[in-house]
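Spelled out, the chains give:
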Amino acid sequence: MTVKIAYLGPVGTYSETAALAYANSLPPQPHQLIPYPSIALALRSVVQNQADLAVVPVENSTEGSVVMTLDALWQLPGLQIQQELVLPISHALLSPRQSLTEIKTVYSHPQALAQCQKWLENNLPTVPIIPTNSTTEAIQILDREANSAAIASPRAAKLYHVPILTQPINDYPDNCTRFWVMALTSHPQGERMSLAFQVLDQPGALVKPLEVFAKRQLNLSRIESRPTKRSLGEYIFFIDLEINLDQQHLIAETLEELTNYTDAIKVFGAYQVVNLPVESLEEL
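Residues numbered from 1 in each chain as written. Predicted model: local features only at pLDDT ≥ 70, side-chain atom pairs only at ≥ 80, totals over all residues. Heavy atoms only, no water.

**Considerations on the overall build of the protein**
Then comes step 1: The helix and strand inventory of the protein stands at 10 helices and 15 strands.
Then comes step 2: Relative to the globule expectation of 19 Å for 284 residues, the C-alpha radius of gyration of the protein, 20 Å, shows essentially globular dimensions.
Then comes step 3: Along the first, second and third principal axes, the C-alpha atoms of the protein reach 60 × 45 × 30 Å.
Then comes step 4: For the protein, buried positions account for 50% of its 284 residues.
Then comes step 5: A sequence separation of at least 24 residues applies to 78% of the contacts in the protein between residues at least 6 apart.
Then comes step 6: In the form shown here, the protein has an accessible surface area of approximately 13500 Å², with 52% of it arising from carbon and sulfur atoms.
Then comes step 7: When the 18 basic and 28 acidic side-chain charges of the protein are each reduced to a single mean position, those positions are 5 Å apart. (Helix = DSSP H or I, 4+ residues; strand = E, 2+ residues; numbered from the N terminus. Rg over C-alpha atoms; globule rule 2.2 N^0.38 Å. Buried < 20%, exposed > 50% of the residue type's maximum accessible area, 1.4 Å probe, protein only. Contact = heavy atoms within 4.5 Å. Areas by Shrake-Rupley, 256 points an atom, 1.4 Å probe, with all protein chains shown as cover. Lys, Arg positive; Asp, Glu negative; His and termini not counted. Charge placed at Lys NZ, Arg CZ, Asp CG, Glu CD.)

**Section: unusual backbone geometry**
Then comes step 1: At the junction of Gly 9 and Pro 10, the peptide bond is cis and its omega measures out at 5° in the coordinates.
Then comes step 2: Tracing the backbone shows Pro 10 in the loop between β1 (3–8) and α1 (14–25).
Then comes step 3: Following Gln 167, the chain continues into Pro 168 via a peptide bond in cis, with omega recorded as -15°.

**A few points about the side chain of Thr 105**
Then comes step 1: Inspection of the secondary structure puts Thr 105 in strand β7 (residues 105–108).
Then comes step 2: The contacts of Thr 105, once residues within four sequence positions are left out, are Val 127, Pro 128, Ile 130, Glu 145, Asn 147, Ser 148 and Ala 149.

**Side note on empty space enclosed by the protein**
Then comes step 1: Here the structure, examined in full by the defined rule, presents one cavity of 30 Å³ or more.
Then comes step 2: Here the largest cavity is characterised by a volume of approximately 230 Å³.
Then comes step 3: For the largest cavity, the lining is made up of 18 residues, of which Tyr 14, Pro 57, His 109, Gln 111 and Phe 179 are closest to its centre.
Then comes step 4: Those elements giving two or more residues to the lining of the largest cavity turn out to be α1, β3 (53–60), α4 (110–115) and β11 (176–183).
Then comes step 5: A total of three residues in the lining of the largest cavity trace back to one element, the largest contributor, which is α4.
Then comes step 6: Per-class residue counts for the lining of the largest cavity are eight nonpolar, 10 polar and no charged. (1 Å grid on protein atoms, 1.4 Å probe; cavity = no way out; pocket = protein on both sides within 12 Å on 5 of 7 lines; lining within 4 Å. Points joined across faces, edges and corners; volume = space filled by probe spheres on them. Nonpolar A, V, L, I, M, F, W, Y, C, P; charged D, E, K, R; others polar.)

**Quick word on the layout of surface pockets**
Then comes step 1: Its boundaries defined by the atoms lining it, the second largest pocket holds a volume of some 170 Å³.
Then comes step 2: Considering the residues around the second largest pocket, the lining is formed by Gln 198, Val 199, Leu 200, Asp 201, Gln 202, Ala 205, Arg 230, Gly 233, Glu 234, Tyr 235 and Asp 263.
Then comes step 3: Looking at the lining of the second largest pocket, its residues break down into four nonpolar, three polar and four charged.

This is the structure in structure tokens:
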């Protein structure tokens, strides 16, 4: 049976690179990568059984969380994390032009633009910066606008046969992005667990859920809020916690007690974290 894997397209995005890396790690079997125009649609395809898995970005080391992913995970039912992939990110400036002085416009995904903000300010301070739905969508604009440039991966430059004007241009050399592999089945165990909850509307609303973790000495590696989109001042809190096999009974107790202090809770499951080496990505 062919495994269908959804990702943010078109072909050549960092999401596709992560999806390919994950597909290559699976036991030998046919797989099909399916590009979608948005993260939400890629995730929805799994919920609607149009795809078996979705590989989506969740956090960048420079620019923080990918809010489109967090919002979609809260809104869509049943999604579970199968694995986390940590992908090194190296941005390049792609253009058919020969020098920076010829560039009149720069296109890319908002995350890529933000990760190259200082470089753009120092090297192209007067050039308009225009966001696109993906890094490879930006490349497709180059055919229509001769004096434009796109920020994308060196791999995308090869796929679309566009010259690299200069690289790397990301502001921080250790730039990387966390990707989650999502499905409708739960993963039995892992070194990390992620969940989200909405707190009750009362004083000390966030303190009490956090105390549930603290008194069991469970280490939280990330916590952040997103608005519920219903009312100003209402938030959903996303949490990652580090776990091990000896703490399985504590996790069950924690989740049960959390229901006393939350208005709604979603557990996205336990999973392993895999750091993708640069050498393996160059072969994709």
